[in-house]
Amino acid sequence: MGKKFFITMFLLALFIAMPFTNVTSAGQQTQPDSKGLVFTGELTFDLDGLYFLGPIGYPLNALGLLEVSDGDLILGDLSINAQKTPINEDWDGTYIGHWVFDPLGCGCDFKLGLLTSLELFPDFGEVNLTLNGINEVLGKEGEQMLISGSMDGNIFSGSMVPIPGALLLFGSGLLGLICIRRK
């Protein structure tokens, strides 16, 4: 018990001390790189239609066209096509679907990816979008991007929400404790 207890207490002390130091985790180091991304445009919900990717048609319940900018630099347009999930009478208020990014000035170099979650909170006027693979398209680190913003009528304005470094550190600390316990 002595050695395991000491290691556990040491890891716990490091976790507690991190906010009081100037040490940053990998997640915190990427925040300044993505901080300037802004997503503005129109999101429309309660649609009853179809959208097609090639020959395959998908239900269309939410549609959006957002301008993506980094500070004063406009990067392009992001199109959101989503359907309610699950597709039955027990809908939980979320959508899934696809996104298409068109870089500014090109008109020919579309990028396509998965919209893994779109959550609308109508009581608070808030929307969260989770886009898989768009970070690579925008030249940012990571695979998924959480965009959080507010709605004013059908007009959406939001920005990227980076995963806090403390959460990453907490998860790695828990994993370390589990590994120590299993030995």
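The structure this text deals with has already been given above.
Below, the structure is looked at part by part. (Residues numbered from 1 in each chain as written. Predicted model: local features only at pLDDT ≥ 70, side-chain atom pairs only at ≥ 80, totals over all residues. Heavy atoms only, no water.)

Here the focus is the overall build of the protein. A count of helical and extended segments in the protein gives five helices and 10 strands. Residues classed as buried in the protein amount to 30% of the 183 residues present. Taking the intrachain contacts of the protein between residues at least 6 apart in sequence as the baseline, contacts between residues at least 24 apart amount to 42%. Carbon together with sulfur atoms contributes 61% to the accessible area of the protein, which is approximately 11,400 Å² in total. (Helix = DSSP H or I, 4+ residues; strand = E, 2+ residues; numbered from the N terminus. Buried < 20%, exposed > 50% of the residue type's maximum accessible area, 1.4 Å probe, protein only. Contact = heavy atoms within 4.5 Å. Areas by Shrake-Rupley, 256 points an atom, 1.4 Å probe, with all protein chains shown as cover.)

A separate point is the environment of Phe 156. Summarising the element assignment, Phe 156 is placed in strand S10 (residues 155-160). Along the backbone, Phe 156 and Gly 64 are 92 residues apart, and their C-alpha atoms lie at a distance of 9.0 Å. The residues touching Phe 156, leaving out its near neighbours within four places in the chain, are Phe 39, Thr 40, Gly 41, Leu 43, Leu 66, Val 127, Leu 129, Ile 147, Ser 148, Gly 149, Ser 150 and Met 151.

Unusually for a residue other than glycine, Asp 46 sits at a positive phi of about 60 degrees. Here Asp 46 is to be found in the loop between strand S1 (37-44) and strand S2 (49-53).

Inspection of the sheet shows S2 paired to strand S3 (residues 56-60) by five bridges, in the antiparallel sense. Across the sheet, Gly 49 pairs through a bridge with Leu 60, a residue of S3. (Pairing = 2+ DSSP bridges.)

Glancing now at the packing of aromatic side chains. All chains considered together, the criterion is met by two aromatic pairs. Ring centres of Phe 45 and Tyr 95 lie 5.5 Å apart, and the angle between their planes is 50 degrees; on these two criteria the pair is classed as tilted. Placement of the pair is Phe 45 in the loop between S1 and S2 and Tyr 95 in strand S6 (residues 94-103), with a sequence separation of 50 residues. Overall, Phe 45 belongs to the buried group, its relative accessible area being 14%. (Phe/Tyr/Trp six-rings, centres within 6.5 Å; stacked < 30°, edge-to-face > 60°.)

Alignment of S6 against strand S7 (residues 111-121), held across seven bridges, turns out to be antiparallel. Looking at S7, one finds that Trp 99 is bridged to Gly 113. In textbook terms, the turn of a hairpin is the stretch between consecutive antiparallel strands, and for S7 and strand S8 (residues 126-132) this stretch comprises four residues, one of which, Gly 125, has a positive phi near 70 degrees.

Sheet architecture is closed into a barrel: eight strands sit in the order S1-S4-S5-S6-S7-S8-S9-S10, paired in antiparallel fashion. Shown here is a sheet whose adjacent strand axes are inclined to one another by a mean of 30 degrees, direction ignored. Pairing between S8 and strand S9 (residues 144-152): seven bridges, direction antiparallel. From the neighbouring strand, Glu 126 faces S9, where its bridge partner is Ser 150. (Axes fitted to C-alpha atoms, helices over the stretch in contact; angles between N-to-C directions.)

Bringing the environment of Thr 40 into the picture now. Tracing the chain through its elements places Thr 40 in strand S1. Through-space distance from the C-alpha of Thr 40 to that of Ile 155 is 7.4 Å; in sequence the pair is 115 residues apart. Not counting residues up to four positions away in its chain, the partners in contact with Thr 40 are Leu 65, Leu 66, Glu 67, Phe 156 and Ser 157.

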